[in-house]
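Listed here are the chains, written in short residue letters.
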Amino acid sequence: MSAPPLSVHVGVIGLGAMGKGMAASLRRAGYTVHVCDARPGAAAEFAVDGGVACNTPAEVAAACPVVISVVVNAAQTESVLFGDHGAAGAMAAGSVFVMCSTVDPNWSIALEARLQQLGLLYLDAPISGGAAKAASGQMTMMTSGTPAAYALCEPLLNAMAASVYKLGDKAGAGSKVKIINQLLAGVHIAAAAEAMALGLREGVDAAALYEVITHSAGNSWMFENRMAHVLAADYTPLSAVDIFVKDLGLVLDMARASKFPLPLSSTAHQMFMQASTAGFAKEDDSAVIKIFPGIVLPKAG
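The paragraphs below set out a description of the structure included in this document.

Rules and cut-offs
- Residues numbered from 1 in each chain as written.
- Predicted model: local features only at pLDDT ≥ 70, side-chain atom pairs only at ≥ 80, totals over all residues.
- Heavy atoms only, no water.
- Helix = DSSP H or I, 4+ residues; strand = E, 2+ residues; numbered from the N terminus.
- Rg over C-alpha atoms; globule rule 2.2 N^0.38 Å.
- Buried < 20%, exposed > 50% of the residue type's maximum accessible area, 1.4 Å probe, protein only.
- Contact = heavy atoms within 4.5 Å.
- Areas by Shrake-Rupley, 256 points an atom, 1.4 Å probe, with all protein chains shown as cover.
- Lys, Arg positive; Asp, Glu negative; His and termini not counted.
- Charge placed at Lys NZ, Arg CZ, Asp CG, Glu CD.
- Axes fitted to C-alpha atoms, helices over the stretch in contact; angles between N-to-C directions.
- Parallel < 35°, antiparallel > 145°, perpendicular 65-115°, else oblique.
- Left-handed = near helix turned anticlockwise from the far one by under 90°.
- Nonpolar A, V, L, I, M, F, W, Y, C, P; charged D, E, K, R; others polar.
- Pairing = 2+ DSSP bridges.
- Expected span 1.5 Å × (residues − 1).
- Arc of directions from axis to C-beta.
- Salt bridge = Lys/Arg side-chain N within 4 Å of Asp/Glu carboxyl O.

The next thing to look at is the overall build of the protein chain. Scanning the protein chain for helices and strands turns up 12 helices and nine strands. The C-alpha radius of gyration of the protein chain comes to 20 Å, within 12% of the 19 Å expected for a compact globule of 301 residues. Seen along its three principal axes, the alpha-carbon backbone of the protein chain occupies a region of about 60 × 45 × 35 Å. Every one of the 301 residues in the protein chain was classed for burial, and the buried ones make up 49%. Partitioning the contacts of the protein chain with sequence separation of at least 6, the portion at a separation of at least 24 is 67%. Of the roughly 13400 Å² that the protein chain leaves accessible, carbon and sulfur atoms contribute 58%. Here the protein chain contributes 18 positive and 23 negative side-chain charges, whose respective centroids are spaced 3 Å apart.

For the pair helix α8 (residues 173-201) and helix α9 (residues 206-213), the least separation of the axes is 10 Å and the interaxial angle reads 135°. If you check the angle between α8 and α9, you find them oblique. Like other packed secondary-structure pairs, α8 and α9 cross with a definite hand, here right-handed. Taking contact as the criterion, the partners of A195, M196, G199 and L200 in α8 are, on α9, A206, L209 and Y210. Split by residue class, the contact of α8 with α9 holds six nonpolar, one polar and no charged.

In this section: the pairing of strand β9 (residues 161-166). Bridge analysis of strand β8 (residues 139-145) against β9 gives five bridges, and the strand direction is parallel. What sits directly across from T143, in β9, is K166.

With that settled, consider helix α5 (residues 105-117). Its 13 residues give α5 an end-to-end C-alpha distance of 19 Å, which sits within 8% of 18 Å, the value for a rise of 1.5 Å per residue. Inspection of α5 places P105, W107, S108, L111, E112 and L115 among the buried residues, and these make up the whole buried set. Summarising the axial view, the buried residues of α5 lie within an arc of 150°, below the 170-degree limit, and thus occupy one face. Residues of α5 that are exposed and point over 90 degrees away from its buried face: N106 and Q117. Where α5 is buried, its residues touch α4 (74-82), β5 (96-99), β6 (121-124), β8, α8 and α11 (241-257).

Our next topic: the pattern of salt bridges. As a working rule, side chains carrying opposite charge can pair if their charged atoms are close by. Tallied over the entire structure, the rule returns nine salt bridges. Between E154 and K166 there is a salt bridge, with the nearest N and O atoms lying 2.9 Å from each other. In this pair, E154 sits in helix α7 (residues 147-160) while K166 sits in strand β9, placing the two residues 12 residues apart along the sequence. Exposure remark for K166: the relative accessible area of 48% places this residue in the partly exposed category.

Two numbers describe how helix α1 (residues 19-28) lies on α7: the axes approach to 8 Å, and their chain directions differ by 110°. Here α1 lies roughly perpendicular to α7, going by the angle between them. Classified by chirality, the crossing of α7 by α1 is right-handed. Of the residues in α7, those touching α1 at M22, S25 and L26 are L156, A159 and M160. Each residue belonging to the contact of α1 with α7 can be placed in one class, and the counts come to five nonpolar, one polar and no charged.

For S69, the location among the structural elements is in strand β4 (residues 66-69). Apart from residues lying up to four places away in sequence, S69 is in contact with I13, T77, V80, F97, V98, M99, C100 and S101.

In this section: the environment of S128. Looking at the element boundaries, S128 is found in strand β7 (residues 127-128). For S128, a relative accessible area of 21% gives the class partly exposed. A sequence separation of 159 residues divides S128 from A287, and the C-alpha atoms of the two residues are 20 Å apart. Apart from the residues lying within four places of it in its own chain, the contact partners of S128 are M18, M139, T140, M142 and N181.

The structure is reproduced here in structure tokens:
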């Protein structure tokens, strides 16, 4: 792995399920990784095995020509850039901000223009694959941005991801493709939960149903992955119910702007909304199965 054109220093802001793995992949590739996170102690814990713990986004940005933001949504990204001790004011001209959140594509397009006015480059770069693939450097990145942004970022992207898709020379396309991916992910989880719930209601053994479906044409990656959580009665949030309340909301917003009907997405969104308001907002997204009445879910152990 060759070093980036200007520096071996790279910043990662947000050390959640995905960001921590991405930062670790960069560290393994030989980069000096400057990190910060809103949670006390998270940056210091990462830096124990190598890297530089920083207290604020501005501290990260002052040291790094590339800053990668891996936070939940647009509001958190705004705070990273423009909040107290934000990164934007500390980044040197010509530095690049890599935005990995799932956001409204129009917001991402506008952010590129805002950063250009500050003399900064921008890469619209949502991610997919889950925590395990992020940790192993095998995730997918859906990117769009200027050639100048790619010139600084490409070695870093390849260190973090197995598949880096270049979808356009300006912001927006990366976020649009990610939102379409989230449409499928959310609908598949909802459908998997519905199928498992029907099986439970009909008295089918849950483990047997899982075994059959995962070896049959009705299987999907989401069924295989998320219904394993249901069988284990483990709703530890790798991706929470409220993530799909947000992401399917973005799906519907994008379609609504062009009056495009999305009946399956609308139904799945309502299912996650129901699960959220029923008290399962922070549980794993497989907890959407808990909205179905009259079923007895597997218990831990």
